[in-house]
Amino acid sequence: MDNFEQALNALQQGEVIAYPTEGVFGVGCDPDSPQAIEKLLTLKQRPVEKGLILIAASYEQLLPYIDESQLTEEQLQTVKASWPGPYTWIMPASDKVSDWVSGQFDSIAVRVTDHPLVQKICLAFGKPLTSTSANLSGLPPCMTTEEVEAQLGDQLVAILRGETSGRDKPSEIRDAKTLKVLRQG
């Protein structure tokens, strides 16, 4: 069984995996499984209130998690025009989104990735993954498989082997309602 199948099986069984993204390695799991998210937050030592990003292969995969009715056509077009790419947008969350994902907010952070390996696993999994940088709270994000293994290896069932897209920063975060940049990319 190759590494891709191992990572996909881990996701399907409610486990947390690490995977390369545009800039850094991410850790993620099934966004609809509170048990999987609890494992992720424990592993990262991250408070649930902060919320998580969803990363997807297409806008269609994110639609169930977004309340489009709260956004104008112009706002939606601006968001869609930036994708696929290293842009994370804060958008109104739908009723499907649990507090496990949105944290203390009524919004959700979402991204359509241009990373081929992440697209492939989201398509195979059939939905987005949660995405947060692969590192313990307070430590710098991992940039390579080796760094992930050193920091988190004993706690992960699978690390999807691959390269990041070579960006040296996490994704830019923008607000879909105000179109303001919240975190520089």
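In this text the structure is predicted, and so the values were computed from the model without any measurement.

Visitor: Sorry if this is basic, but what is going on with the overall build of the protein here?
Guide: For the protein, the count of helices and strands is seven helices and nine strands. Computed over the C-alpha atoms, the radius of gyration of the protein is 15 Å, within 12% of the 16 Å expected from 2.2 N^0.38 for a compact globule of 185 residues. Considered along the principal axes of its C-alpha atoms, the protein spans approximately 45 × 30 × 30 Å. Residues classed as buried in the protein amount to 54% of the 185 residues present. Here the contacts in the protein between residues at least 6 apart in sequence split such that 67% fall between residues at least 24 apart. When the accessible surface of the protein is split by element, carbon and sulfur atoms take 49% of a total near 8,500 Å².

Visitor: Would you mind showing me how to read the nonpolar core here?
Guide: Across soluble globular proteins, nonpolar side chains show a tendency to be buried alongside one another. Val27, Trp83, Met91 and Leu156 are the most contacted members of the largest nonpolar core, which has 37 residues in total. Counting only elements with at least two residues in this core, the list comes to strand E2 (25–28), helix H2 (34–44), strand E3 (53–56), helix H3 (59–62), helix H4 (73–81), strand E4 (87–92), strand E5 (107–112) and helix H7 (145–152). Top contributing element to this core by residue count: H2, with five residues. Setting aside chain neighbours within four positions, we find Trp83 in contact with Tyr59, Leu62, Trp89, Met91, Val110, Arg111 and Val112. Ala7, Ile55, Ile121 and Phe125 belong to the second-largest nonpolar core, a separate cluster that totals 17 residues.

Visitor: What should I look at first to understand helix H6 (residues 116–125) in this one?
Guide: Each α-helix winds once per 3.6 residues, and so residues spaced three or four apart point in a common direction. For H6, the set of buried residues is Leu117, Val118, Ile121, Cys122 and Phe125. One face of H6 carries all of its buried residues, which in axial projection span an arc of 130°. Along H6, the residues that are exposed and aim more than 90 degrees away from the buried face are Pro116 and Leu123. Contacts made by the buried residues of H6 are with helix H1 (3–12), strand E1 (17–20), E3, H3 and strand E6 (129–133). Downstream of H6 by a residue or two, Gly126 has a phi angle that is positive, lying close to 85°.

Visitor: What should I look at first to understand the pairing of E4 in this one?
Guide: On a regular strand, one side chain projects to one face of the sheet and the next to the other, so that they alternate. The element E4 is extensively covered by neighbouring structure, given that five of its six residues are classed as buried. Alignment of E4 against strand E8 (residues 172–175), held across four bridges, turns out to be parallel. Paired with Trp89 across the bridge in E8 is Arg174. Of the strand pairs in this sheet, E4 and E5 are connected by four bridges, and their pairing is antiparallel. By the bridge assignment for E5, Trp89 is matched with Val110.

Visitor: Can you walk me through the state of the cysteines in this structure?
Guide: Throughout this description, disulfide means a covalent bond between two cysteine sulfur atoms. Within this structure, the stated rule accounts for zero disulfides. You can see Cys122 has no disulfide; the closest cysteine sulfur is in Cys29, sitting 12 Å from it. This cysteine, Cys142, is not joined by any disulfide, and Cys29 carries the nearest cysteine sulfur, 17 Å off.

Reading guide: rules and limits
- Residues numbered from 1 in each chain as written.
- Predicted model: local features only at pLDDT ≥ 70, side-chain atom pairs only at ≥ 80, totals over all residues.
- Heavy atoms only, no water.
- Helix = DSSP H or I, 4+ residues; strand = E, 2+ residues; numbered from the N terminus.
- Rg over C-alpha atoms; globule rule 2.2 N^0.38 Å.
- Buried < 20%, exposed > 50% of the residue type's maximum accessible area, 1.4 Å probe, protein only.
- Contact = heavy atoms within 4.5 Å.
- Areas by Shrake-Rupley, 256 points an atom, 1.4 Å probe, with all protein chains shown as cover.
- Core = buried A, V, L, I, M, F, W, Y, C linked by side-chain atoms within 4.5 Å.
- Arc of directions from axis to C-beta.
- Pairing = 2+ DSSP bridges.
- Disulfide = S-S within 2.5 Å.

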